[in-house]
Amino acid sequence: MKSSERLKSNTFTSTINRGQHLKGDNLIDIRNLVKVYKGRSTPAVDDLSLQIGDGEIFGILGPNGAGKTTIISILCNLIHPTSGRISIDGLSLATDKRKIKQLTGVVFQDIALYDRLTAFENLIYFGTLYGIHRQELEDRINNLLMRLGLDKFRNEKVGTFSGGMKRRINLLAGLLHNPRLLFLDEPAVGIDVQSRNVIIEFLQELNASGTTIIYTSHMMEEAQKLCTRVAVIDYGKVIAVATPDELISNNPDCRSLEDVFLKLTGRSLRDEF
Amino acid sequence: MKLRKYLISVQKEALLLLRDIEGVVLIFLMPIILVLVVTLLQHRTFQNLAEVKIPVVLVDYDNDSLGNAFSRGIGNAGIFEVTTIRGTDSSQLQKARQDVAGGKYQIGIVIPEDATLSIKNRVIVLIQQQLPDALKTVKAGNSLQSTISLFFDPVTKESFKELTRASLEKFATSTENRIFITAYSKVIDAITGQQSVIDIPDEPGIVFREDLVSEYTGGVMPNSVQHNVPAWTLFGMFLICIPVAGSIIKERSEGCLARLKTLPISFLNILMPKTIVFVVICLLQALAIFLIGIYLMPVLGLPGLQIGGNNAALFFISFASALAASGFGIAIGSIASTHVQASTFGSVSTVILAAIGGVWVPVMVMPEIMRKISAFSPLNWGVTGYYNVFLRNASTLEVMPEILKLTAFFVICILAGIWFRKSG
């Protein structure tokens with residue numbers, strides 16, 4: 001079943017109803033991006049150029065140390081590039097930070113929540129900082145908690161939650177303001193199959209409602225199912241960009257995205273330090 | 001909307017703090033215990049000498065005027081608690097030495113057998129020099145000088161020995177003069193055949209009086225409570241840098257800070273709510289300690305804390321100190337990478353700032369170089385401010401230099417924190 005067909009059957013679009021963005025327009029335009037960390041001679045990102053269309057679920061795949069997290073961190077304004085130009089929705093990342101932050105949501109691999117606050121308190125806090133009015137925010141939180149099966153636990157402290165529950169709250173905290181663009185860094189790592197399934201389905205619903213998703217993962221099977229397009233990067237450079245199906249068909253000796261990935265990046269270990 | 005963002009952030013910080021109830025208890029309890037212990041320990045040091053009774057054993061082999069006068073006189077001086085032993089043989093001296101060595105007495109004084117006689121002999125010799133025809137039949141003895149022995153408890157400080165020696169020498173001179181004049185008078189009476197009565201006053205002709213320089217009519221004198229309560233309250237306030245820094249590092253290590261940095265808010269929006277919550281905690285901490293100083297310390301036998309008559313000045317100096325302490329914590333939390341770094345640097349730097357700031361030892365007794373360095377410690381500014389409010393009844397305007405310095409320290413710490421996080 002194609003991704004677009006799965007999305008049509010989804011009922012969540014009423015909660016996040018922003019389908020006006022057409023797929024295909026470039027939402028992100030990265031030109032000649034370079035990042036060299038202090039004390040390092042080799043660049044983490046090396047003259048990378050990439051265009052990501054509006055409405056895509058775009059996977060950034062690569063082995064450890066390939067530069068995935070650096071790219072996401074630059075796009076989220078957490079670190080500054082050494083050189084290069086980035087625009088998001090026509091806005092310059094260098095000069096329109098505040099506007100871009102309002103357009104984007106970020107979900108990190110780490111559970112970025114306060115353990116001593118309840119799920120509701122965490123979400124109210126982050127939502128208010130996005131500038132959402134209280135009543136609207138509460139309604140949105142209640143809907144999202146219900147959608148992800150967490151409404152019964154809204155007043156429990158996050159510190160008491162299982163890994164899967166924390167991941168779901170962590171995801172919600174990044175999209176309370178209904179972002180046009182969502183960055184996801186390994187959103188479903190280390191959790192049970194049921195929680196992962198709920199998260200993946202939810203991401204597809206979000207995408208169907210118009211949210212562009214930039215997604216990094218080590219899980220090739222998940223990326224193959226979820227992503228409309230992927231970029232394989234290694235040593236800070238893009239070595240392939242295509243849909244998962246195109247990548248597989250262009251490499252006749254490969255039967256899956258994982259095979260393609262291993263063929264392009266090699267089988268040697270990439271330990272980070 | 002900006003206000004709502006600040007309010008929700010303050011609420012979040014307050015909830016995080018209040019839900020760590022053990023941490024909150026420690027924040028309040030530890031400085032209170034510290035202030036109580038240090039004040040009680042230093043109470044004796046800060047008392048006037050007149051209030052302190054030094055245990056003394058006096059072995060009197062003289063059994064005459066000097067021995068009697070010494071025993072009576074130093075007993076009446078008020079600073080010594082005298083036990084007089086009439087000396088008959090060397091066993092009393094032996095026992096006294098053992099008692100002083102064992103710490104029962106701090107000082108031992110031995111009046112030798114011929115002490116009074118030596119003075120009388122000197123009188124005779126002096127009169128015979130002045131009036132060679134008088135007292136022809138009287139022959140002075142050989143002993144013209146006697147030695148009063150002193151021995152001290154081995155743990156006694158040298159400065160205390162000097163002080164005691166000076167006090168005893170002064171008293172010995174006065175007693176010797178009194179005996180001398182009396183003996184001289186008797187000799188003169190014998191020469192002239194008259195019976196004169198000399199009334200030597202107990203009080204000296206020249207006396208000293210200490211005037212207060214403070215204009216404050218309350219007349220509060222520095223004592224253990226007046227020094228230690230504000231000084232250690234400031235120390236407790238500055239120790240809050242450890243939980244403040246810990247909260248920033250925890251937020252950073254758990255990824256929340258990264259999330260916050262992706263939100264459409266400024267870095268100040270992250271730091272200021274923390275500052276507000278910890279400033280309130282510092283002020284409550286100071287209030288609790290001051291109330292203990294006012295109401296509990298007298299129950300423990302200490303003087304009650306006098307807070308002067310200017311509550312506005314007291315509030316502003318406390319507020320500025322709380323700002324400086326919280327800002328210090330924010331700077332440490334922003335610069336340190338780990339909890340261990342922050343807690344080690346925070347605690348050690350607070351101890352150093354307290355030491356050079358006059359929390360432990362008053363600045364006036366420090367060496368010149370340390371006095372100059374002390375002027376750069378925010379704890380010194382706080383202590384000076386509190387001293388001025390408590391002892392000199394200073395107004396807000398009069399403590400404004402200290403308030404401004406503490407506020408400037410806060411601003412510099414916040415800017416350092418922002419700069420370090422943005423450049424790091």
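Residues numbered from 1 in each chain as written. Chains lettered and ligands numbered in written order. Predicted model: local features only at pLDDT ≥ 70, side-chain atom pairs only at ≥ 80, totals over all residues.

What follows deals with the overall build of chain B. Broken down by element type, chain B carries 15 helices and 4 strands. Here the C-alpha atoms of chain B give a radius of gyration of 32 Å, more than 25% beyond the 22 Å that 2.2 N^0.38 yields for 424 residues. With respect to the three principal axes, the spread of C-alpha positions in chain B is 110 × 45 × 40 Å. Here chain B holds 424 residues, and the buried ones make up 38% of them. Restricting to contacts in chain B with at least 6 residues of sequence separation, those with at least 24 account for 79%. (Helix = DSSP H or I, 4+ residues; strand = E, 2+ residues; numbered from the N terminus. Rg over C-alpha atoms; globule rule 2.2 N^0.38 Å. Buried ≥ 20, exposed ≤ 12 C-beta atoms within 10 Å, placed from the backbone. Contact = placed C-beta atoms within 7 Å.)

Turning our attention to the interface of chain B and chain A. Between chain B and chain A, the contact holds 19 residues from the first and 21 residues from the second. Those elements that place two or more of their residues in the side of chain B that touches chain A are helix 1 (2-18) and helix 9 (256-261) of chain B. Among the elements that take part in the side of chain B that touches chain A, helix 1 of chain B stands out by supplying 6 residues, more than any other. Tallied by class, residues from the side of chain B that touches chain A come to 9 nonpolar, 2 polar and 8 charged. (Nonpolar A, V, L, I, M, F, W, Y, C, P; charged D, E, K, R; others polar.)

Split into domains, chain B comes out as domain 1 (2-47 + 224-423) and domain 2 (50-192). If you average the C-alpha positions of domain 1 of chain B and of domain 2 of chain B, the two centres end up 55 Å apart. (Domains from an automatic or database assignment.)

Residues and elements named next belong to chain A. Spatial ordering of the open sheet is given by 6-7-8-3-9-10, a layout of 6 strands whose pairing is mixed. The open sheet terminates on both sides in strands that have one partner only, identified here as strand 6 (104-107) and strand 10 (237-242). Sheet twist, expressed as the mean angle between neighbouring strand axes with direction ignored, is 15°. The sheet contact formed by strand 6 and strand 7 (residues 181-185) spans 4 bridges and is parallel. Residue pairing in the sheet places threonine 104 in a bridge with leucine 181 of strand 7. (Pairing = 2+ DSSP bridges. Axes fitted to C-alpha atoms, helices over the stretch in contact; angles between N-to-C directions.)

Below, the discussion takes up helix 2 (residues 68-75) of chain A. Residue and element names in this part refer to chain A. Of all 8 residues in helix 2, 8 are buried, a share of seventy percent or more. Within helix 2, burial applies to Lys68, Thr69, Thr70, Ile71, Ile72, Ser73, Ile74 and Leu75. Following helix 2 by one or two positions, asparagine 77 adopts a phi angle in the positive range, close to 75°.

Our focus in this paragraph is the environment of serine 196 of chain B. Residues and elements named next belong to chain B. Mapped onto the fold, serine 196 is located in the loop between helix 6 (158-192) and helix 7 (224-239). With 9 C-beta atoms packed within 10 Å, serine 196 lands in the exposed category. In sequence terms serine 196 and lysine 186 are 10 residues apart; their C-alpha atoms lie 8.2 Å from each other.

The subject of this paragraph is the nonpolar core. All names here are of chain B. Ranked by size, the top nonpolar core spans 147 residues in total, and within it Phe238, Ile240 and Cys241 carry the most contacts. Residue contributions to this core peak at 13 residues, all from helix 11 (residues 311-335). Each residue touching cysteine 241, except ones within four places of it in the same chain, is listed here: Ala325, Phe328, Gly329, Ile332, Gly346 and Thr350. Within the second largest apolar cluster, 25 residues are counted, among which are Tyr61, Ala96, Ile109 and Ile179. (Core = buried A, V, L, I, M, F, W, Y, C linked by C-beta atoms within 7 Å.)

Quick look at the pairing of strand 8 (residues 212-216) of chain A now. All names here are of chain A. Where burial is concerned, most of strand 8 is hidden: 5 out of the 5 residues are buried. Covered by surrounding structure in strand 8 are Thr212, Ile214 and Thr216 together with Ile213 and Tyr215, the residues of both alternating faces. Pairing between strand 3 (residues 57-61) and strand 8: 4 bridges, direction parallel. Its bridge partner lying in strand 8, phenylalanine 58 is registered against isoleucine 214. Strand direction decides the pairing type here: strand 7 and strand 8, joined by 5 bridges, are parallel. Across the sheet, leucine 181 pairs through a bridge with threonine 212, a residue of strand 8. For the crossover that starts at strand 7, traverses helix 7 (residues 193-208) and ends in the parallel strand 8, the hand is right-handed. (Right-handed = clockwise from strand over helix to strand, strands pointing away.)

Here we take up the packing of helix 7 of chain B against helix 12 (residues 339-356) of chain B. Between two packed helices, the angle of one axis relative to the other and the distance separating the axes together describe the packing. All names here are of chain B. Packing of helix 7 against helix 12 leaves a shortest axis separation of 10 Å and a crossing angle of 155°. Judged on the interaxial angle alone, helix 12 and helix 7 are roughly antiparallel. The hand of the helix 7/helix 12 crossing is right-handed. When helix 7 is examined against helix 12, the residues Phe235, Phe238 and Leu239 are found in contact with a partner set consisting of Thr350, Leu353 and Ala354. Here the contact of helix 7 with helix 12 is composed, by residue class, of 5 nonpolar, 1 polar and no charged. (Parallel < 35°, antiparallel > 145°, perpendicular 65-115°, else oblique. Left-handed = near helix turned anticlockwise from the far one by under 90°.)

Our next topic: the packing of helix 4 (residues 119-129) of chain A against helix 6 (residues 163-173) of chain A. All names here are of chain A. Two elements in contact, helix 4 and helix 6, have axes separated by 9 Å at closest approach and are oriented at 20°. The angle between helix 4 and helix 6 places the two elements in the roughly parallel class. Seen along the crossing, helix 4 lies across helix 6 with a hand that is right-handed. Listed contacts from helix 6 to Ala119, Asn122, Leu123 and Phe126 of helix 4 are Ile169, Leu172 and Ala173.

Here 5 bridges tie strand 9 (residues 229-234) of chain A to strand 10 of chain A, and the two strands are oriented antiparallel to one another. Across the sheet, residue valine 232 of chain A finds its bridge partner in strand 10 of chain A, namely alanine 240 of chain A.

Located in the positive-phi region is asparagine 178 of chain A, a residue other than glycine, with phi close to 55°. For asparagine 393 of chain B, which is not a glycine, the phi torsion comes out positive at approximately 55°.

Let us now look at the confidence of the model for chain A. All names here are of chain A. On average, residues of chain A score 85 in pLDDT, and 89% of them are at 70 or above. In the model of chain A, helix 1 (residues 3-8) stands out as the element of lowest mean pLDDT, 35, in contrast to helix 4, which has the highest, 96. Confidence over residues 1-23 falls short of pLDDT 50; this stretch has 40 contacts with residues more than four positions distant or in other chains. (pLDDT = per-residue confidence, 0-100.)

Residues and elements named next belong to chain A. One open sheet holds the 4 strands; their spatial order is 2-1-4-5, and the pairing between them is antiparallel. Because the sheet does not close on itself, it has two edges, and the strands there are strand 2 (45-53) and strand 5 (91-92). Where strand 1 (residues 26-35) and strand 4 (residues 83-88) come together, 5 bridges link them in antiparallel fashion. For aspartate 29, the partnering residue across the bridge sits in strand 4 and is serine 87. Sitting on the sheet, helix 2 is in contact with strand 1, strand 2 and strand 4, with an inclination near 120° to strand 1.

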